[in-house]
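Here's the letter readout for the chains.
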Amino acid sequence: MQVSVSVSVSEENAEQEPAAQQVSAFLERRREQIAQRWADAALFRTVFTVSRDEAVEAGRAVAAALAAVAASGRVDDIRAAGFEAVRDQLGRMAASRARTGADQDGIADEVAALREPVTELLRAEYPDPYAPEAQEPLLALTVLMGTLRLVVLETTVSAGEEVIARQREQLHEVATPVIKLWDSTVAVPLIGTLDSARSQVVMESLLDAIVAERARYAILDITGVPTVDSLVAQHLMKTVAAARLMGAECIVSGIRPAIAQTIVHLGIDLGTVLTRSSLADALAYALSRQGVGIGPVAAAGAAPTAGAGAR
C-alpha cells in the first residue's frame, strides 16, 4: 500500500511540473501581449495615469516574475523567489490604490481581474481549450494568479501597517509641542497618557528645543496627564536628567492634589526633581531666576508697582 501511494504521489508531481513549466514558457512567450492587456485593467490604469507606457512596463515586470515562479514549480508559494522582483512594485501599486480610497477587498478584486486576460490567451493556444492537455496548464495558471493575489494582499497589509506606524509617530509629535515661553525658557504641555513611545518623542523634542532656543529652563507641564504611575514617573525622571545633561534646569509643573497623593502612596521619589503646582508658577520661577520681575498689571492711570520689572 505504501509503495502504491508513493508512486501515485510521484506521478502527480510529474504531471504538475510539466504544467507549471508550460505556464512559464507561455508567460515568457506572451509577455508583451499580457502587458498590453493589463495596462488597460483597473489596477494598472488607475495607478499609472500619466503614461500608458509605464503601465505596460510594469505589466511586463509582473509577467516576468510570474514566469520565474512557474519555472520553479512553486505556483502556490507566496515566498517563491520570483515574487521578490516585483513585491516592492506591487506594494507601491496597492498603496497608490489605497490612497485613492480603494479598500483591501477592492484591490483584491482588481488583482483577481488580471487572471481573465491571461487565461484567454492561454486557452487560445489550444485547439480544444477543454481537452485534458489544456486543463492542467489552465489550473496551474489559476493557482499562480491566486498566489499573486495573496502576495498583493500581504504587501498591502504590510504597507498599511507602515502607514499607521508613521501616522502614530506624527500624532505623537503633534501631541507634544514644544513652546517658547520666554528667552531661554521652553515648555512642553503634556496631554493624555504618557507611554514609552511618546516619552521618547517628548525627550527628543525637548532636547532639540533646548539646543535650538539655547534654553536654560525647560518646563514639563503634566496638567493634562490623567494619571501618574511608576512608569510615568520614571519617564519624567529620565527626561529631567537628559535636560540637565544639556545644561537646562527642568521643572515639572501641574501636579494636582490627587496626583501628589498617588505619588506619595506609590513611594515614588521625586526629591531630585524641581516641581511647581502650575505652569504659571513654573514660569514665574524660571523668570525670577533670570532676574525678570513680575508684578500685577497696573490699572489705567495708576503708577507702576514699585520693583516690577519689564522685559
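Our subject is the structure that appears above.
Residues numbered from 1 in each chain as written. Predicted model: local features only at pLDDT ≥ 70, side-chain atom pairs only at ≥ 80, totals over all residues. Heavy atoms only, no water.

## Digging into the overall build of the protein chain
Defined as follows: For helices the rule is a DSSP run of H or I covering at least 4 residues; for strands it is a run of E covering at least 2, with both sets numbered from the N terminus onward. We call two residues in contact whenever any of their non-hydrogen atoms come within 4.5 Å of each other. Note on areas: Shrake-Rupley with a 1.4 Å probe; residue coverage comes only from the protein chains shown.
Scanning the protein chain for helices and strands turns up twelve helices and five strands. Of all intrachain contacts in the protein chain linking residues separated by at least 6 positions in sequence, the fraction that spans at least 24 positions is 71%. Working note: accessible area of the protein chain is about 17,100 Å², and carbon and sulfur atoms make up 55% of it.

## Some points on the pairing of strand E3 (residues 217-224)
Inclusion rule: Think of it in three bands: residues with accessible area under 20% of the maximum for their type are buried, residues over 50% are exposed, and the middle band is partly exposed, with areas taken using a 1.4 Å probe on protein chains only. Note on pairing: DSSP must find at least two bridges between two strands before they are called paired. Handedness is read with the strands pointing away from the viewer; a crossover is right-handed when the path from the first strand over the helix to the second is clockwise.
Counting buried positions along E3 gives six out of eight residues, so the element sits mostly inside the fold. Pairing of strand E2 (residues 185-191) with E3 involves six bridges; the strand directions are parallel. Its bridge partner being in E3, Val186 is matched across the sheet by Ala218. Taking the sense of rotation as the criterion, the β-α-β connection linking E2, helix H9 (residues 196-213) and E3 turns out right-handed. Bridge analysis of E3 against strand E4 (residues 249-253) gives five bridges, and the strand direction is parallel. When the sheet's bridge partners are listed, Asp221 is paired in E4 with Ser253. Taking the sense of rotation as the criterion, the β-α-β connection linking E3, helix H10 (residues 230-245) and E4 turns out right-handed.

## Let's talk about the packing of aromatic side chains
For clarity, the threshold we go by: Side-chain rings of Phe, Tyr and Trp, where Trp is taken by its six-membered ring, are said to pair if the distance between their centres is within 6.5 Å; with planes under 30 degrees apart they count as stacked, over 60 as edge-to-face, and otherwise as tilted. Only when the NZ of Lys or the CZ of Arg is both within 6 Å of the ring centre and within 35 degrees of the ring normal is a charge said to sit over the ring.
All told, the structure shown has two aromatic pairs when counted by the stated rule. A ring pair is formed by Phe44 and Phe48, whose centres lie 6.4 Å apart and whose planes are at 25°; its orientation type is stacked. Of the two residues, Phe44 and Phe48, both sit in the buried class. Taken together, the ring pairs connect Trp38, Phe44 and Phe48 into an aromatic cluster. Above the face of the Tyr285 ring, Arg276 is positioned so that its terminal group lies 4.7 Å from the ring centre.

## A short note on unusual backbone geometry
For residues that are not glycine, phi is negative in most cases, and the peptide bond is trans in most cases. Phi at Ser184 takes a positive value of approximately 70°, unusual for a residue other than glycine. Along the chain, Ser184 falls in the loop between strand E1 (179-182) and E2. If you check the backbone angles, Arg214 has positive phi at about 50° while not being a glycine. Mapped onto the secondary structure, Arg214 falls in the loop between H9 and E3.

## Description of the nonpolar core
As a reminder, the rule being used: The criterion is simple. A nonpolar core is a set of buried Ala, Val, Leu, Ile, Met, Phe, Trp, Tyr and Cys residues joined through side-chain atoms within 4.5 Å.
Among the nonpolar cores identified, the biggest contains 48 residues, and Leu27, Trp38, Phe44, Leu66, Leu144 and Leu148 are the most heavily contacted of them. Listing elements by their share of this core, those giving two or more residues are helix H1 (2-29), helix H2 (31-38), helix H3 (42-45), helix H4 (52-72), helix H5 (81-99), helix H6 (104-112), helix H7 (115-123) and helix H8 (132-174). Tallying contributions element by element places H4 first for this core, with ten residues.

## Focus on the sheet that holds E2
The cut-off we apply is this: Think of each axis as a best-fit line through the C-alpha atoms, taken over the contacting stretch in the case of a helix, with angles from 0 to 180 degrees between the N-to-C directions.
The mixed open sheet is built from five strands, whose spatial order is E1-E2-E3-E4-E5. In this open sheet, the two strands that pair with only one neighbour each are E1 and strand E5 (274-276). Taking the axes of each pair of neighbouring strands and ignoring which way they run, one obtains an average angle of 30° across the sheet. Relative to the sheet, H9 contacts E1, E2 and E3, its axis offset from that of E2 by approximately 165°. Helix H12 (residues 279-289) rests against E1, E2, E3, E4 and E5 of the sheet, and its axis sits at about 155° to E4.

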